[in-house]
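# Observations on the model geometry
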Amino acid sequence: MDVLEVSPQVVAPDAFHEVLTLCLGGETYGIDILCVQEIRTFEQPTRLAGSPAYVLGVTNLRGVIVPIVDLRRRFGLEPAFNGNTVTVVLNLKSRTVGVVVDGVSDVLALETTQIRKAPPVGGAIDVIHVTGMVTLDQGSNARMLILIDIASLLSDLGMA
């Protein structure tokens, strides 16, 4: 897969090396592969009363109680579950957290020169959690890869 440059602004070196690409509502996001413990098929977690709507509940993962966050809801999208829905289990500092996404597609090796700063725009996720953007060339239709700092995003929710 070819990667194209999109602007002259470059983020700090070593921002990302390899990223796991996640699909959410028609957009493609990338998270640092070093945070990923495993990818599991989606199983309905046990709901916790009083938790925010984006916290689906908890699940028991080999003796560890893991909170499960629906990134669709966190990003302001309507909840949707299908055969491609997966839970990505993350190791973030001293916490294990699961995030539910529409699907995962690739692990990409990115050079830091390919990563551009995200423009300051409003949205469901604060721009401080977006570490950069990359244009992926897929022949006739290029798509944007939005790189997110998943540890920062989840710590903002009290999860990491």
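These numbers come from a predicted model, not from an experiment.

Rules behind the numbers
- Residues numbered from 1 in each chain as written.
- Predicted model: local features only at pLDDT ≥ 70, side-chain atom pairs only at ≥ 80, totals over all residues.
- Heavy atoms only, no water.
- Helix = DSSP H or I, 4+ residues; strand = E, 2+ residues; numbered from the N terminus.
- Buried < 20%, exposed > 50% of the residue type's maximum accessible area, 1.4 Å probe, protein only.
- Contact = heavy atoms within 4.5 Å.
- Areas by Shrake-Rupley, 256 points an atom, 1.4 Å probe, with all protein chains shown as cover.
- Phe/Tyr/Trp six-rings, centres within 6.5 Å; stacked < 30°, edge-to-face > 60°.

### Side note on the overall build of the chain
Assigned secondary structure in the chain consists of two helices and eleven strands. Mapped in sequence order, the helices and strands of the chain form the string β-β-β-β-β-β-α-β-β-β-β-β-α. Looking at the chain as a whole, 42% of its 160 residues qualify as buried. Sequence-distant contacts in the chain: of pairs separated by 6 or more residues, those separated by 24 or more amount to 59%. Carbon and sulfur atoms form 51% of the exposed surface of the chain, whose accessible area is close to 8200 Å².

### With respect to the packing of aromatic side chains
Inspection of the entire model under this criterion finds two aromatic pairs. Here Y29 and F75 contribute two aromatic rings whose centre-to-centre distance is 5.1 Å and whose plane-to-plane angle is 55°, an arrangement assigned as tilted. Within this pair, whereas Y29 is found in strand β3 (residues 27-32), its partner F75 is found in the loop between α1 (71-74) and β7 (86-92), the two being separated by 46 residues in sequence. Accessibility classification places Y29 together with F75 in one group, the buried group.

Just distances and angles here, no functional claims.
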